Amino acid sequence: MTEPARDTIVAVATAPGAGGVGIVRLSGAGASAIARTLAGRALRPRHAHHVRFRDARGEVLDDGIALYFQGPASYTGEDVVELQAHGSPAVLQELLLRCCELGARRARPGEFSERAFLEGRLDLAQAEAVADLIAAADARAARAARRALDGEFSRRVDAIADELLAIRVHVEAAIDFADEPLDTLGGAGLGKRFDALALALAALLRAAERGRRLRDGLHAVIVGPPNAGKSSLLNALAGSDRAIVTDIAGTTRDLLQETIRIDGVELTLVDTAGLRDGGDAIEREGMRRARAELSRADLAIAVIDARDPEAGHAAVADAIAGVASVLWLHNKSDLLASGPAFDPGTDEVLHVSARTGAGLDALHRRLRGLAQGEGEDAGEGAFTARARHVDALLRAQAHLVEARGQLDHEILDLAAESLRLGHDELGAITGRVRPDDLLGHIFSSFCIGK
Ligand SMILES: Nc1nc2c(c(=O)[nH]1)N(C=O)[C@@H](CNc1ccc(C(=O)N[C@@H](CCC(=O)O)C(=O)O)cc1)CN2
Ligand SMILES: Nc1nc2c(ncn2[C@@H]2O[C@H](COP(=O)(O)OP(=O)(O)OP(=O)(O)O)[C@@H](O)[C@H]2O)c(=O)[nH]1
Ligand SMILES: [Mg+2]
């Protein structure tokens, strides 16, 4: 069955605003004919032509460089034409309108990359990496997105999916020989393969979680009892009076989010309502939100009063129990003659004063290190990933655990189904399996022209 022919799309591919050069890009079967009319001559594939772009009456809109990439050797896999004009928004709009007069349609956000995906030029994780590369906040994130774009993440997903498929085939075959015990069908070997697969999946999950943090930046949530100085600390780190600070316990009720950069490294800080027993309905809702936010945190910054660390510790201990890493800040160190000994176990403690600024340099260094993934083996070979990918890997892992149990009880048909579900989760990462709406959801968050 052949796909219906796609229409020809057009968009300004360069960023909005004035620039040295601006690019109008076309993709689709009509691209080269439209360019021929605009440029007044046929374009040779893969040659740079200096031409004049003309309107309907033959008047010159601009002169520029025209490039023709004949499909499938193009970004989208379709015929692509680039009109590289002077980077004037007005000129680019006129070129765009002229392309529409000649039969093109304005592209939706991400539609060029969507076509590259549909034409098999990129898989879905790679297409997402294009958007992540464009949006990367720093060089490290850009390099990691570049690796995902080169397929480093996809290859690892595919390798696990292939092995999972081989195990599925084995199990499905065993179902057809239901009289034989699984052992005589290679059951022991199957168990070993299974364990190796589970290990590989767990390693990939850890890498994807680091990749998610690289893409989104560190998500740090400030928690502590009321009046400990959480909002003062947010203000000190943000370098502005972002949050209301008073000496009334229970001042902050809503979540307050602020993105900060330390030496070019981005992280998100969230200030929360102080945790304590009781409080009015508004304060209790604030505390509920604080706890919910903690469940999404990479880091809890636990702010407690340096004069009574035991009480502070007790107030937040249960709320931070599930958070991957915790940094304890003993605040108001300016009010302290000498710090009382306190041992929070394996977590780190820093003594600071949001009021005088004491200890904030050390805090900056530590936060930058954490945001960069210091102490993790992330550096070389790291790739970006998205929450969508991490969630799919987690679901795949859960299906594998189910399958393992079913296999141990020799309930082969259920095991086969669990394996299929796990396989589909992996396929959804690279787009080989496409649940309804997945593509629309993903590509609509791209920029226009990409
Ligand atoms: N001017 C311009 N610069 C750009 C892009 C673009 O579309 N236009 N890109 C857009 O994202 C990126 C580069 N991506 C591209 C990917 C593939 C092909 C392409 O024509 N591929 C053919 C030929 C390969 C070859 O000869 O090396 C192919 O893969 O068959 C072009 C650009 C960044 N720079
Ligand atoms: N001396 C001293 N006072 C501080 C310090 N940090 C904060 N304060 C004061 O402590 C009081 C409470 O500060 P906030 O930042 O509002 O405390 P919070 O933890 O956000 O409080 P809630 O929003 O009520 O949970 C204010 O009067 C601050 O000026 C500090 O390092 N030293
Ligand atoms: Mg506050």
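- Under an unreviewed UniProt entry, the name given to the chain is tRNA modification GTPase MnmE, and the source organism is Montanilutibacter psychrotolerans.
- Per UniProt, the chain carries the Subcellular location (unreviewed entry) text "Cytoplasm".
- Per its UniProt entry, the chain bears the Sequence similarities (unreviewed entry) comment "Belongs to the TRAFAC class TrmE-Era-EngA-EngB-Septin-like GTPase superfamily. TrmE GTPase family."

Some remarks on the domain arrangement of the chain
Consideration 1: Along its sequence, the chain is carved into domain 1 (9-121), domain 2 (142-213 + 386-445) and domain 3 (217-378).
Consideration 2: Here the C-alpha centre of domain 3 lies 51 Å away from the C-alpha centre of domain 1.

Notes on the environment of Ala-35
Consideration 1: Along the chain, Ala-35 turns up in helix 1 (residues 31-39).
Consideration 2: Spatially, the C-alpha atoms of Ala-35 and Arg-156 are 41 Å apart, while their sequence positions differ by 121 residues.

Focus on the nonpolar core
Consideration 1: Val-24, Leu-26, Ala-35, Val-81, Leu-83 and Ala-148 are the most contacted members of the largest nonpolar core, which totals 79 residues.
Consideration 2: The element best represented in this core is helix 6 (residues 152-176), accounting for eight residues.
Consideration 3: Shared between two domains, this core takes at least three residues from each, and those domains are domain 1 (9-121) and domain 2 (142-213 + 386-445).
Consideration 4: What Leu-26 contacts, discounting residues up to four positions off in sequence, is Thr-8, Val-10, Ala-31, Ile-34, Ala-35, Val-80, Val-81, Cys-99 and Ala-104.
Consideration 5: Within the second largest apolar cluster, 39 residues are counted, among which are Leu-234, Leu-294, Leu-299 and Ala-354.

Some thoughts on the UniProt feature "binding site: Mg(2+)" (unreviewed entry) in the chain
Consideration 1: Per the UniProt record, "binding site: Mg(2+)" (unreviewed entry) is annotated on Ser-231 and Thr-252. In summary, the annotated positions, though distributed over 22 residues, converge in three dimensions, the widest C-alpha pair being only 7.6 Å.
Consideration 2: Structurally, Ser-231 can be placed in helix 8 (residues 230-238).
Consideration 3: You can call Ser-231 buried: it has 25 C-beta atoms within 10 Å.
Consideration 4: When sequence neighbours within four positions are dropped, the list of residues in contact with Ser-231 reads Ala-243, Ile-244, Val-245, Thr-251, Thr-252 and Asp-271.
Consideration 5: Structurally, Thr-252 is set in the loop between helix 8 and strand 8 (256-262).
Consideration 6: Assessed through the 22 C-beta atoms surrounding it within 10 Å, Thr-252 is described here as buried.

Structural notes on the site of ligand 2
Consideration 1: For ligand 2, the set of nearby residues contains 24 residues, the closest of which are Gly-229, Ser-231, Ser-232, Thr-252 and Gly-274.
Consideration 2: With three residues, the top contributor of residues to the shell around ligand 2 is helix 8.

Quick look at the pairing of strand 5 (residues 80-87)
Consideration 1: Judged from the eight bridges that link them, strand 2 (residues 19-27) and strand 5 form a sheet pairing that is antiparallel. Bridge pairing in strand 5 links Ile-23 to Gln-84.
Consideration 2: Pairing of strand 4 (residues 60-69) with strand 5, which is carried by five bridges, proceeds in the antiparallel orientation. Looking at strand 5, one finds that Ala-66 is bridged to Leu-83.

About the thresholds
Residues numbered from 1 in each chain as written. Chains lettered and ligands numbered in written order. Predicted model: local features only at pLDDT ≥ 70, side-chain atom pairs only at ≥ 80, totals over all residues. UniProt positions renumbered as here; feature names shortened; annotations may be inferred. Domains from an automatic or database assignment. Helix = DSSP H or I, 4+ residues; strand = E, 2+ residues; numbered from the N terminus. Core = buried A, V, L, I, M, F, W, Y, C linked by C-beta atoms within 7 Å. Buried ≥ 20, exposed ≤ 12 C-beta atoms within 10 Å, placed from the backbone. Contact = placed C-beta atoms within 7 Å. Near = placed C-beta within 6 Å. Pairing = 2+ DSSP bridges.

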